[in-house]
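# Close look at the chain arrangement
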Amino acid sequence: MKFIELVRKRQSVRKYLPEMVPRDVLNKCLEAARLAPSACNSQPWSFIVVDDEKIRNKLAEKAFSGIYSLNSFAKKAPIYIVVVTQRSKYTACLAGYFKGTQYSLIDIGIACEHFILQATEEGLGTCWLGWFNEKEVKKVLGIPGRNKVDIIISMGYPQIAQLHNKKRKLLNEISRFY
Ligand SMILES: Cc1cc2nc3c(=O)[nH]c(=O)nc-3n(C[C@H](O)[C@H](O)[C@H](O)COP(=O)(O)O)c2cc1C
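Here's what I pulled together on the structure shown here. Quantities reported herein were computed from a predicted structural model and do not represent experimental measurements. As a convention, each chain's residues are numbered from 1 in the sequence order in which they are written. Only residues with pLDDT of 70 or above have their local features reported here, since the model is predicted, and side-chain atom pairs are shown and tallied only from 80 upward, although totals for entire chains, interfaces and linings are computed over all residues. Only hydrogens and water are set aside when side-chain values are computed; all heavy atoms of the structure are taken into account.

## What about helix H2 (residues 23–34)?
- Over its 12 residues, H2 extends 16 Å from the first C-alpha to the last, a length consistent with the 16 Å expected when each residue adds 1.5 Å.
- Residue contacts follow a heavy-atom distance rule, with two residues in contact if any of their heavy atoms lie within 4.5 Å. Secondary structure follows DSSP: runs of H or I at least 4 residues long count as helices, runs of E at least 2 residues long count as strands, and numbering of each begins at the N terminus. For H2, the secondary structure elements touched by its buried residues are strand E1 (45–50), strand E2 (79–85), helix H5 (103–121) and strand E4 (148–156). Between the first and last residue of a helix there are one fewer steps than residues, each counted as 1.5 Å, and that sum is the expected span.

## Quick look at the pairing of E4
- For E4, the buried fraction is high: seven of the nine residues fall into the buried class.
- Relative to E4, E2 runs antiparallel, the two sharing seven bridges. The partner of Val83 across the bridge, within E4, is Ile151.
- For two strands to be treated as a pair, DSSP must find no fewer than two bridges joining them. The pairing of strand E3 (residues 125–129) with E4 spans five bridges and is classified as antiparallel. Bridge pairing links Gly125 to Gly156 in E4. Under the scheme applied here, a residue whose accessible area is under 20% of the maximum for its type counts as buried, over 50% as exposed, and between as partly exposed, the area being computed with a 1.4 Å probe on protein chains only.

## Structural notes on the site of the ligand
- Definition of nearness: a residue and a molecule or strand are near each other if at least one heavy atom of the residue lies within 4 Å of the molecule or strand. Not every one of the 15 residues close to the ligand is listed here, only the nearest: Arg10, Ser12, Arg14, Asn71 and Arg168.
- As used in this structure description, the phrase polar contact means that two N or O atoms lie within 3.5 Å; if the pair is within protein, one of them must be able to donate a hydrogen and the other to accept it, and residues adjacent in sequence are counted only when both atoms belong to side chains. At a separation of 3.3 Å, a nitrogen atom of the ligand approaches a polar backbone atom of Trp128.
- One of the side-chain N or O atoms of Arg168 is found 2.8 Å from an oxygen atom in the ligand.
- Per-residue accessibility takes into account occlusion by the displayed protein chains alone, with areas from the Shrake-Rupley method and a 1.4 Å probe. Coverage of the ligand by the protein amounts to 62% of the 620 Å² it exposes when considered alone.
- For the shell around the ligand, the leading source of residues is E3, giving three residues.
- Amino acid classes used here: Ala, Val, Leu, Ile, Met, Phe, Trp, Tyr, Cys and Pro are nonpolar; Asp, Glu, Lys and Arg are charged; the rest, including Gly, are polar. Class assignment for the residues of the shell around the ligand results in six nonpolar, five polar and four charged.

## Looking at the nonpolar core
- Ile81, Val83, Phe115, Ile153 and Met155 are the most contacted members of the largest nonpolar core, which totals 22 residues.
- If you list the elements that add at least two residues to this core, you get H2, E1, E2, H5 and E4.
- Examining the composition of this core, we find that six residues originate from one element, H5, more than from any other.
- Phe115 has contacts with Leu26, Cys29, Leu30, Ala33, Ile81, Ile153 and Met155, leaving out every residue within four places of it along the chain.
- Core analysis: the next-biggest nonpolar cluster, separate from the first, contains 20 residues, Ala60, Val82, Val84 and Cys127 among them. We call a set of buried residues a nonpolar core when its members are Ala, Val, Leu, Ile, Met, Phe, Trp, Tyr or Cys and they connect through side-chain atoms within 4.5 Å of each other.

Take a look at the structure:
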């Protein structure tokens with residue numbers, strides 16, 4: 001598949017088949033994330049793959065209930081990738097402090113999209129999830145207080161293969177040449 005086709009194929013998938021994803025496929029996606037660039041090569045991330053049924057169910061209930069039930073579709077995803085944002089390297093933190101840029105979030109974004117594009121190539125559906133109960137997620141998975149969970153990726157084989165229309169601004173609205 002050409003890269004632009006892969007990018008066009010990636011879309012948020014919110015309905016999944018119950019089938020599990022083989023570990024070697026998951027490892028391929030993790031490898032794509034591992035190779036992502038990051039500020040000062042900080043690699044301020046780790047990925048917790050939740051595919052154990054018992055933990056998955058507990059996490060689903062705790063993460064997507066109450067005010068977070070806007071994302072209750074995610075309760076039915078067979079797999080979650082809980083993305084842990086770690087503290088960046090000292091140099092990246094310092095540069096970020098003076099420039100007012102939180103590089104670790106940029107880094108996480110790149111790594112997650114690498115993961116997601118590899119998953120797309122494998123015929124998997126994913127959805128970025130930024131709205132969930134972070135405190136409860138950290139409790140369930142024993143993630144230390146100093147680390148953040150900014151993103152969860154829900155994942156599974158899509159129920160519907162059809163591509164939906166991408167609503168995007170036009171190229172001339174978002175770019176210019178000088
Ligand atoms: C950082 C981030 C957080 C997001 N959080 C959620 C979310 O909590 N729930 C959800 O259903 N979609 C979420 N999305 C998916 C976006 O709504 C989606 O990418 C956007 O509408 C474009 O649609 P597409 O992914 O199908 O191209 C998130 C996307 C990003 C990049």
